[in-house]
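As a plain string of letters, each chain reads:
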Amino acid sequence: MSRFFVALLPPQNIQDYANQIKQYFADHYASSGALKSPPHITLQPPFEWADANLPLLEASLKEFARGQQPVAITLKGFDAFAPRVIYINVVRSQELLTLQTDLMAYTEDNLEIVDKVSKTRPFAPHITVAFRDLTKQNFQTAWPEFKKRQLNFEFTADKLTLLLHDGKRWNIKSEFGFLATEQ
């Protein structure tokens, strides 16, 4: 069994910027947990999957992705899940919410992957820069600095990314292009 999750990854320039922020939190606030994955917007939270069935998982995600249109994503400022997590705010759009809802339904119906927590709370798209290892005290110091900080990025998400946990960090396992990007 391995641990996976499905996400949208921003373009490299935005990943580089987010990684600089993550490193800042590691250096100044002793919060390095967010460095254990590439910057991403989680669509399907972590789940266990049998390694022998990986081809089924990848084929199924490829099929789902081929039915999707690219989604415009806007990143604007910072927000928080107090008292531990600070993140880059992803503006909620109907297209993004629909993509996430459709993916969760698809993985449940076709792969029997069910995330019980996601069923009890609304989807809150975000890119984490300071993780649960941020102490409450450091959160109270960092949050006033970041809540006023300006950030504006726009990009088009045109593929799903499957990430695999290697025991220490999350790594890109596979990518699945959306219909309009598969020429």
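I will try to describe carefully the structure that is included in this document. (Residues numbered from 1 in each chain as written. Predicted model: local features only at pLDDT ≥ 70, side-chain atom pairs only at ≥ 80, totals over all residues. Heavy atoms only, no water.)

Observations regarding the sheet that holds strand β6 (residues 152-157)
Reading across from one edge, β5-β4-β3-β6 is the order of the four strands in this open sheet, with antiparallel pairing throughout. Two strands in the sheet have a free side with no partner beyond their single neighbour: β5 (126-130) and β6. Each adjacent strand pair in this sheet contributes to an overall mean axis angle of 35 degrees, direction not counted. (Pairing = 2+ DSSP bridges. Helix = DSSP H or I, 4+ residues; strand = E, 2+ residues; numbered from the N terminus. Axes fitted to C-alpha atoms, helices over the stretch in contact; angles between N-to-C directions.)

Considerations on the nonpolar core
The biggest cluster of nonpolar side chains holds 48 residues, and the ones touching the most others in it are Leu 8, Phe 25, Leu 57, Ile 73, Ile 86 and Leu 160. The element contributing the most residues to this core is helix α3 (residues 94-111), with six residues. Formed by five residues, the second largest nonpolar core is a distinct cluster that contains Phe 5, Leu 9, Leu 163 and Trp 170. (Core = buried A, V, L, I, M, F, W, Y, C linked by side-chain atoms within 4.5 Å. Buried < 20%, exposed > 50% of the residue type's maximum accessible area, 1.4 Å probe, protein only.)

Structural notes on the side chain of Ser 37
Take Ser 37: it is sitting in the loop between α1 (12-29) and β2 (41-49). Apart from residues no more than four positions distant in its own chain, Ser 37 is found in contact with Lys 22, Arg 169 and Trp 170. (Contact = heavy atoms within 4.5 Å.)

Describing α3
A rise of 1.5 Å per residue sets the reference length of α3, with its 18 residues, at 26 Å; its end C-alpha atoms lie 25 Å apart and thus fit the reference within 8%. Looking at α3, one finds that the buried residues are Leu 96, Leu 97, Leu 99, Gln 100, Leu 103, Met 104, Tyr 106, Thr 107 and Leu 111. Downstream of α3 by a residue or two, Glu 112 has a phi angle that is positive, lying close to 60 degrees. (Expected span 1.5 Å × (residues − 1).)

A word on the pattern of salt bridges
Tallying each qualifying case throughout the model produces four salt bridges. Residue Glu 145 is joined to Arg 149 by a salt bridge in which the shortest nitrogen-to-oxygen separation is 3.5 Å. (Salt bridge = Lys/Arg side-chain N within 4 Å of Asp/Glu carboxyl O.)

Section: the layout of surface pockets
The gaps of empty space that remain are located by a probe, the size of a water molecule, rolled over the atoms. Here the largest pocket is characterised by a volume of approximately 1,200 Å³. Contributions of two or more residues to the lining of the largest pocket are made by β1 (2-8), β2, α3, α4 (116-120) and β5. Split into classes, the residues belonging to the lining of the largest pocket amount to 25 nonpolar, 10 polar and 10 charged. (1 Å grid on protein atoms, 1.4 Å probe; cavity = no way out; pocket = protein on both sides within 12 Å on 5 of 7 lines; lining within 4 Å. Points joined across faces, edges and corners; volume = space filled by probe spheres on them. Nonpolar A, V, L, I, M, F, W, Y, C, P; charged D, E, K, R; others polar.)

Remarks on the packing of α1 against helix α5 (residues 136-147)
Where α1 contacts α5, the two axes come as close as 11 Å, and the packing angle between them is 140 degrees. By the angle class used here, α1 and α5 are oblique. At the point where α1 passes α5, the crossing takes the right-handed sense. The segment α1 lies against α5, with Ile 21, Tyr 24, Phe 25 and Tyr 29 engaging Asn 138, Thr 141, Ala 142, Glu 145 and Phe 146. Of the residues in the contact of α1 with α5, the class split is six nonpolar, two polar and one charged. (Parallel < 35°, antiparallel > 145°, perpendicular 65-115°, else oblique. Left-handed = near helix turned anticlockwise from the far one by under 90°.)

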